[in-house]
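One letter stands for each residue in the lines below.
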Protein chains: 2
Amino acid sequence: MYQDMETSKRTHTCGILRGNNVGEKVVLVGWVHRRRDLGGLIFINLRDRTGMIQVVFDKEVCEEAFEIASTVRNEYVVSVEGEVTLREEGQINHGIATGEIEIKGEKIEILDSAHTPPIYIEDDDKVSEDIRLKYRYLDLRKPKMQQNLIVRHKITKVIRDYLDQRGFIEIETPVLTKPTPEGARDYLVPSRVQKGKWFALPQSPQLFKQILMVSGMDRYFQIVKCFRDEDLRADRQPEFTQIDMELSFVNQEDIIKINEGLIREVFKKIIGYDISSSIPRMTYQEAMERFGSDKPDIRFGLELKDLTEIVKNSEFKVFSNAVREGGQVRAINAKGCGKRFSRKEIDSLGEFVKLYKAKGLAWINVTENSVKSPIVKFLKNQELQDILSTMEAEIGDLILIVADQNEKIVYNTLGQLRLELSRKLKLTKNDSFAFLWITEFPLLEYSEEEGRYVATHHPFTSPMDEDISLLEDHPEKVRAKAYDLVVNGVELGGGSIRIHNRDLQEKMFKALGFSKKQAWEQFGFLLEAFQYGTPPHGGIAFGLDRLTMLLTQTDNIKDVIAFPKTQNHSCLMTNAPAIAENQQLEELGIRIIKER
Amino acid sequence: MYQDMETSKRTHTCGILRGNNVGEKVVLVGWVHRRRDLGGLIFINLRDRTGMIQVVFDKEVCEEAFEIASTVRNEYVVSVEGEVTLREEGQINHGIATGEIEIKGEKIEILDSAHTPPIYIEDDDKVSEDIRLKYRYLDLRKPKMQQNLIVRHKITKVIRDYLDQRGFIEIETPVLTKPTPEGARDYLVPSRVQKGKWFALPQSPQLFKQILMVSGMDRYFQIVKCFRDEDLRADRQPEFTQIDMELSFVNQEDIIKINEGLIREVFKKIIGYDISSSIPRMTYQEAMERFGSDKPDIRFGLELKDLTEIVKNSEFKVFSNAVREGGQVRAINAKGCGKRFSRKEIDSLGEFVKLYKAKGLAWINVTENSVKSPIVKFLKNQELQDILSTMEAEIGDLILIVADQNEKIVYNTLGQLRLELSRKLKLTKNDSFAFLWITEFPLLEYSEEEGRYVATHHPFTSPMDEDISLLEDHPEKVRAKAYDLVVNGVELGGGSIRIHNRDLQEKMFKALGFSKKQAWEQFGFLLEAFQYGTPPHGGIAFGLDRLTMLLTQTDNIKDVIAFPKTQNHSCLMTNAPAIAENQQLEELGIRIIKER
């Protein structure tokens, strides 16, 4: 991939020379990674984006070059001229790709000097994140960081090649758009021409890509920045990049097929990983029941089991009351953990579940002679036996039970507990990938806050054909033509088939509690477009940041972005907001309210 | 390029079927472009992005399909099933690519109905731009508009392929950045976390790409949205897309070589146009003297000539006074226009030059017997003869002369007059391309407004080595390592080699009248980065919008963008700013000033 990087200032890059270049005169440029003086010899490790090579200056051979070389320090930018030679047997460095050879330096020119860098240009440099971000330009010199950005670039290249070959057109959608009434918080941009009005930065190109389908563009994609004015998290940036697509004349199968191909191509070309068989599918319902999550990590078991029927009349009121109030009792068998975990560790799991609003964690430790458990005295023998049999309990196991009147809390708590156990037990490896399509998401969910049903995905997601008749009377039972791609418990992307029939769209708005007038006020532009012949269409969007993290085995989103936003804006000046000039604000018709 | 567009709903797209498909059963989907009823036959022209095909329903063969077909109207979305057949000899339509064949329709399904569209889906539809933009989703169904977006996509694909092969890494730079003190007006975005402070949308990724060079990324590119809060023009959008690159360890020759290759590849692959020989170069000085412009259209002559010496002592005071005050007198020979233009047309040129601040236009009409001219009576015979000889005047020519104390006005007026003449005389063709590199731009220009020199390009542009010594005493004479690529009088792109040496950078800031403190206040982040080993680097940026206009032979920038901004925001609702919710403004610490 490094063809044609020759310029007037270099014949080769540092990392590509090998034994077959021996005897060639080369001119290399790069950064001085390290200088070592050994009597009459100076060794310089010269580094560029492609790798590192050793250059030797011999005082007896080239005194002038030797003298200059003796003045260079770490991170100086230099140009060296010399001959590629084989190293002697004992000097071969198997740690670097060019370790078999070195350059006999004949000339050296200092292109730029450097202050002593405040961080080491080494992958395992242990400096704090704040310092790394302050000196981002140095942090980005680390091979791993450069590799991350290169992989990010390669991912987008593979995706563009793949989609271009299949008739997708990359079309740019606006960044300055109209604020949307629903969704997360928009970034706002005051309009100078229409004072008092605001543009918004898009949270996604959803409306635009659907309009492109109405326009007959047939297959659209875009790798595009999206924006949400939310607080920062380790895995979230306020500006993030989506791989976004929309297709006409397709059903869910078509979209899944094309995107399985896409993901297969990316994993093969970027890291040589074969996703050989077809990616398994699981309905939302099954995912919740078995894994307590709509993005389950299926690399390990620890599946949830339903104990509701067994304990519904139990004298242990925590269980029976939860059931009586419409709730559930479910459990995980933490295989072998009864033996493995101390009482203190079990108690800490009890604390853990409280993070997810569970009222407590009941447990049963299956020992050789009997069971140990704070709740066993409340259970009838038959109940205990049924629990142990349902959980397929063996000696040494630990049964972890959650009961709640709110089934979401039961699912979510056990889902999180599953992940916590896998971390404790180190059940997963970073270099294996368990892909999964989750399908048949609920179309609507009831919002207590708004006192109405809201769209799980968005109001243009199509219900499943066989559930349309339920829309009026049992909206909560309607499943959507929506699908997520999950890998190792991370949602990589998701999408849906959209409604393109006006009657159905009206039914959907009705189910959402919108009057026709409200629907038009909020989504009039799209509804108007839908009047002039709309093809059946659907799409999907993937997070480029997450995909890059996955393929570079990186945990921190900041490590796959060149210039991330940080909690403390001032540590990365180029990203910092600043005081605007008063004159400019006046032109915009805006005043800053002084903080009280 | 349309491989694999088959889905569960179609076997082929409309535009790809040919004679060799005869006998195949196909399922096609698309929009009803036109329906014609001919006795017991219904002809439907079915249209999708790939083209158009005729489908025939015969009442006697398939009555049910015929009945449904008889109800469809323009822009209905339908699915048809049938057999590909050859048309009879007399029925072949040479106007469309599928004109040799037609589909014998056996089934038809209406996927969506359509209201009567308010504009025709024809390239030559003559409706007003406002209506076109209001119904953008219909306007984008026109083949020419779809083709423009497809070409735009292809251009970016070719560029990405080319740069990827040469070691360029596409790296995303932030959209929410810090406001810059110089340059055009920024779009501002209030920060919710740091109330009273503002992000800005970037006018270019200049600072970031230079930092990436400091980071050792070596070769960066990006196809990226940039923003300027300026008023709209026919060739300008407030959000526009740049093809942006920066390279380390290069000089001007390297950058020109790589980019000539890039442009050659784009023109070859997109429109099959060969830029065979190497692109000519011209210094800024020569371009101004010969063409009165730093982006000359060299497809035609009408070059400027200098008459200053000839008329410096003329009794025609308009000339001699201009020269005495340090100005110039220059002229164009409008070949044959003396004969061709009426007096009224010549007078209208006199009005034209006033648009460019010229005080007037002197002219000499070279007739068979003598010359006609309002100024000839003020000229000595020798002066007239010298003028005619310098202008290589022949019978029928029209000499157009501009004098002004400000040489910029002389150059610009004659440069514009040249273009006006070429339009009047129809001297250029749209499908020929005259490329030109303009080099040796002035580094600085004096700003009367600011009372100091300002950077022509930006403060990080490198002076030419041989002019560095002039920086202190004759800053106006210093030429920059800057270059523009011009084609047919349009600036396609421009860039420069940057300063990477701190001493030189300090000299540059001094020439700009900055104190060291001011320089650090304004550009501290970059200057700080420059302390840690900066490679020699430079770059260039091209306008994707203009490149697409050129390659699609489109005059209006709105025709190469899917969702352009318009003067009247309300005619394209998705781009309109809107009133923000008060609660959101309060969170931002912002109040709208009521208009007085």
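Computed from a predicted structure; not experimentally measured. (Residues numbered from 1 in each chain as written. Chains lettered and ligands numbered in written order. Predicted model: local features only at pLDDT ≥ 70, side-chain atom pairs only at ≥ 80, totals over all residues. Heavy atoms only, no water.)

Re the domain arrangement of chain A
For chain A, the domain assignment lists domain 1 (19-112), domain 2 (128-282 + 538-596) and domain 3 (300-425). Each of domain 2 of chain A and domain 3 of chain A was reduced to a C-alpha centroid, and the two centroids are 40 Å apart. (Domains from an automatic or database assignment.)

What about the relation of the copies chain A and chain B?
Copy one and copy two of the chain differ by a rotation about a common axis and a shift along it. Each copy of the sequence occupies a distinct position, and chain A is placed on chain B by a rotation of 180° and an axial shift of 0.0 Å, giving an RMSD of 0.1 Å. Overall, the copies show the geometry of a two-fold rotation axis. Counting the interface residues of chain A, we find that 100% of their copies in chain B are interface residues as well, pointing to one common contact surface. (Least-squares fit on C-alpha atoms with pLDDT ≥ 70 in both. Contact = heavy atoms within 4.5 Å.)

Comments concerning the pattern of salt bridges
Note that side chains of opposite charge can pair when their charged atoms are close. Overall, the coordinates contain 99 salt bridges over all chains when judged by the stated rule. Notably, a salt bridge pairs Glu286(A) with Arg290(A), separated by 2.5 Å at the nearest N-O pair. Pair noted here: Glu286(A) and Arg290(A) are both in helix H7 (residues 284-291), with a separation of four residues, about one helical turn. Using a relative accessible area of 31% as the deciding quantity, one classes Glu286(A) as partly exposed. Here Lys107(B) ties to Glu81(B) by a salt bridge, and the two come within 3.9 Å at their closest N and O atoms. (Salt bridge = Lys/Arg side-chain N within 4 Å of Asp/Glu carboxyl O. Helix = DSSP H or I, 4+ residues; strand = E, 2+ residues; numbered from the N terminus. Buried < 20%, exposed > 50% of the residue type's maximum accessible area, 1.4 Å probe, protein only.)

With respect to the UniProt feature "binding site: L-aspartate" (unreviewed entry) in chain A
Residues and elements named next belong to chain A. The feature "binding site: L-aspartate" (unreviewed entry), as annotated in UniProt, sits at Glu182, Arg228, His457 and Arg498 in this numbering. Residue position: Arg228 is located in the loop between strand S9 (219-227) and strand S10 (239-248). Taking relative accessible area as the criterion, Arg228 reaches 31% and is therefore assigned partly exposed. Residues within four places of Arg228 in sequence aside, it is in contact with Ala184, Arg185, Tyr187, Gln203, Pro238 and Phe240. (UniProt positions renumbered as here; feature names shortened; annotations may be inferred.)

Quick word on the sheet that holds S10(A)
Residue and element names in this part refer to chain A. Taken together, eight strands build an open sheet; the order of strands is S6-S9-S10-S22-S21-S20-S17-S11 and the sheet is mixed. Each having just a single partner strand, strand S6 (169-170) and strand S11 (281-283) make up the two edges of the open sheet. Bridge analysis of S11 against strand S17 (residues 435-439) gives three bridges, and the strand direction is parallel. In the sheet register, Met282 faces S17, and the bridge partner there is Ile438. (Pairing = 2+ DSSP bridges.)

Brief notes about helix H14 (residues 502-511) of chain B
One turn of an α-helix holds 3.6 residues; hence residues three or four places apart share an orientation. All names here are of chain B. Those residues of H14 that fall on the buried side of the exposure criterion are Leu504, Gln505, Met508, Phe509 and Ala511. Along the axis of H14, the buried residues cluster in a sector spanning 160°; they form a single face. Counted as exposed and oriented over 90 degrees from the buried face of H14: Asp503 and Lys510. The elements touched by buried residues of H14 are strand S18 (444-447), strand S19 (452-455) and helix H15 (516-529). The backbone nitrogen of Asp503 lies 2.9 Å from a side-chain oxygen of the residue at the head of H14, namely Asn501. (Arc of directions from axis to C-beta. Polar contact = N/O pair within 3.5 Å; in protein donor to acceptor, adjacent residues only side chain to side chain.)

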